[in-house]
Amino acid sequence: MARAQNKETAGPAAKMIAGVARRARIRKGWTQEYLGTQLGYSGAAVSAMETLAQPASDEMLVELERVLGDNMGIFEEARLYVRLEKYPRQFQNYALLEQTAVSLRLYAAVVVHGLFQTEAYARALIGGSYPPLPDQRVQELVENRMVRKALFEREPTALIEVVLEEAILTRTIGGSEVMRDQMRHLAECARRRNVTLQVLPLDCGLSGEHAGVYGDVSLVETPEHDHLVYLEPQNESLLISDPDEVSTYAQRYAKIRSQALGPRESLDLIERLAGERE
């Protein structure tokens, strides 16, 4: 449902698309209703896009490119930036880094990392967050989280390492069936050639050492081979580029990996939790 407040919160990319689409429609002499029939949307949906009551979805941008793009690629190029504007503000800068990264080294301590979540798991997680979000915003955030998975299929391939706390695998989010499907999805991800998935066991701290006690961390290598660290405590964000600090986090991550189960043992554990092994 279109919301009046979207007009106030729409970002520059959404505003640019609304203006370009409106001018292109008028130049062709089309009504909003006629453009809607060409796009597969209602005239009301076109009006909502042009007035920013409901900015263009990723699917609508694909159709706008087909119908109004004139082979210039304007709407296609805008897809990334419109998507970025729909992410929480603190995540927007990192989202672009993630999608262009040469490599990612990830550690998740509380829930499955967003790149590895199923749609049902993400919906339960986002829908159950606090303060509560409107259904429309939940849907938007879930869709954007799923779009991030394009990274797995990107060329050139990104190399991704992820370490998950074992408690994540047994912490029920959304119900038992959601968790089984999530475990199956993790197993599929672990079998990818560009992914290394490891589990940090519950008894990691028995010897008194637990390198992961400081929480989630993401280490990013950019196409220019710069190394950055991203932290997101309590919905705040921190992007670290200082080489000394990055080195400290990289060493800590290496220690976390050394304390985790090996990739084969980790996959065996996940398959057992998915019901695929005795």
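These figures come from a predicted structure and were not determined experimentally.

The rules we used
- The residue numbering used here restarts from 1 in each chain and proceeds along that chain's sequence as written.
- Owing to the predicted nature of the model, reporting of local features is limited to residues with pLDDT of at least 70; listing and counting of side-chain atom pairs is limited to 80 or more, with chain, interface and lining totals taken over all residues.
- Each side-chain value is derived from all of the structure's non-hydrogen atoms; neither hydrogens nor water enter the calculation.
- Secondary structure counts use DSSP, requiring at least four H or I residues in a row for a helix and at least two E residues in a row for a strand, with both numbered from the N terminus.
- The buried label applies to any residue whose accessible area, calculated with a 1.4 Å probe on protein chains only, is under 20% of its type's maximum; exposed applies above 50%, and partly exposed to all values in between.
- By definition, residues are in contact when any of their heavy atoms lie within 4.5 Å.
- Here, Shrake-Rupley sampling with a 1.4 Å probe gives the accessible areas, and only protein chains in the shown set may cover a residue.
- Lys and Arg are tallied as positive, Asp and Glu as negative. Neither His nor the chain termini are counted.
- Charged groups are reduced to one reference atom each: NZ for lysine, CZ for arginine, CG for aspartic acid, CD for glutamic acid.
- Should DSSP find at least two bridges between two strands, the strands are regarded as paired.
- Axis definition: a line fitted to C-alpha atoms, over the contacting stretch in the case of helices. Angles run 0 to 180 degrees between N-to-C directions.
- Here, nonpolar core refers to any group of buried Ala, Val, Leu, Ile, Met, Phe, Trp, Tyr and Cys residues whose side-chain atoms link them within 4.5 Å.
- We call Phe, Tyr and Trp rings a pair once their centres come within 6.5 Å, taking the six-membered ring for Trp, and we label the pair stacked below 30 degrees between planes, edge-to-face above 60, and tilted otherwise.
- Only when the NZ of Lys or the CZ of Arg is both within 6 Å of the ring centre and within 35 degrees of the ring normal is a charge said to sit over the ring.
- Roughly parallel refers to an angle under 35 degrees, roughly antiparallel to one over 145, roughly perpendicular to one between 65 and 115, and oblique to any angle outside these ranges.
- Left-handed describes a crossing whose near helix is turned anticlockwise from the far helix through less than a right angle; right-handed describes the clockwise counterpart.
- Note on residue categories: nonpolar means Ala, Val, Leu, Ile, Met, Phe, Trp, Tyr, Cys or Pro, charged means Asp, Glu, Lys or Arg, and polar means any other residue, Gly included.

### Topic: the overall build of the chain
Scanning the chain from terminus to terminus reveals 13 helices and 6 strands. Projected onto its principal axes, the C-alpha positions of the chain cover 75 × 45 × 35 Å. The proportion of buried residues among the 278 residues of the chain is 46%. Across the chain, the fraction of contacts at a sequence separation of at least 24, relative to all contacts at a separation of at least 6, is 70%. Here the chain displays about 14,600 Å² of accessible surface, and carbon together with sulfur accounts for 51% of that area. Charge centroids of the chain, computed over 32 positive and 40 negative side chains, lie 4 Å from each other.

### So, the sheet that holds strand β5 (residues 227–231)
The strand order across the open sheet built from 6 strands is β3-β2-β1-β4-β5-β6, with neighbouring strands paired in mixed fashion. Edge positions in the sheet fall to β3 (195–200) and β6 (238–240), since each of these pairs with one other strand and no more. Within this sheet the neighbouring strands show an average axis-to-axis angle of 15 degrees, counted without direction.

### A short note on the nonpolar core
Of all hydrophobic cores here, the largest spans 38 residues; its most connected members are Leu104, Leu106, Phe116, Ile160, Leu169, Leu186 and Ile270. When contributions to this core are tallied by element, the ones reaching two or more residues are α7 (92–100), β1 (103–108), β2 (159–165), α10 (166–170), α11 (176–190), β3 and α13 (263–273). A per-element tally of this core places α11 first, with 7 residues. Residues within four places of Leu106 in sequence aside, it is in contact with Tyr94, His113, Leu115, Phe116, Ile160, Glu161, Val162, Val163, Val217, Ser218 and Tyr253. Counting residues in each nonpolar core, the second largest holds 18 residues, with Ile17, Met60, Leu68 and Val82 among its members.

### Quick look at the packing of aromatic side chains
According to the stated counting rule, one finds 5 aromatic pairs in the structure shown. Three or more aromatic residues joined by ring pairs make a cluster, and in this case those are Phe91, Tyr94 and Tyr230. Here the basic side chain of Lys28 rests over the ring of Trp30, its NZ or CZ set 5.3 Å away from the ring centre.

### Regarding the packing of helix α2 (residues 12–28) against helix α5 (residues 58–68)
Between two packed helices, what matters for the description is the angle formed by their axes and the separation of those axes. Remark: α2 packs on α5, axes separated minimally by 11 Å, with the N-to-C direction vectors making an angle of 30 degrees. Taken together, α2 and α5 sit at an angle that is classed as roughly parallel. Judged by the sense of rotation from one axis to the other, the crossing of α2 with α5 is left-handed. Residue-level contacts link Ile17, Ala21, Ala24, Arg25 and Lys28 of α2 to Leu61, Leu64, Val67 and Leu68 of α5. For the contact of α2 with α5, the residue count by class is 7 nonpolar, no polar and 2 charged.

### With respect to the pairing of β2
On a regular strand, each side chain points to the face opposite its neighbour's, so the side chains alternate between the two faces of the sheet. Within β2, 5 of the 7 residues are buried, which leaves the element mostly enclosed by the surrounding structure. Across 6 bridges, β1 lies against β2 in parallel orientation. Paired with Tyr107 across the two strands is Val163, which belongs to β2.

### Things to note about the pairing of β5
Burial analysis of β5 places 4 of its 5 residues in the buried class, the great majority of the element. In the sheet, strand β4 (residues 217–221) pairs with β5 via 4 bridges, with the strands oriented antiparallel. If you follow Val220 over to β5, its bridge partner there is Leu228. Between the antiparallel neighbours β4 and β5 lie 5 residues, among them His225 with a positive phi of about 65 degrees. For β5 and β6, the ladder comprises 3 bridges, and the chain directions are antiparallel.

### Re the packing of α11 against α13
Following both chains from N to C, one finds α11 and α13 inclined at 155 degrees, their axes separated by 8 Å at the closest point. For the element pair α11 / α13, the angle class is roughly antiparallel. Here α11 runs over α13; the crossing is left-handed. Between α11 and α13, the residues in contact are Arg180, Met183, Leu186, Ala187 and Ala190 and Leu267, Ile270, Glu271 and Leu273, respectively. Broken down by class, the residue content of the contact of α11 with α13 amounts to 7 nonpolar, no polar and 2 charged.

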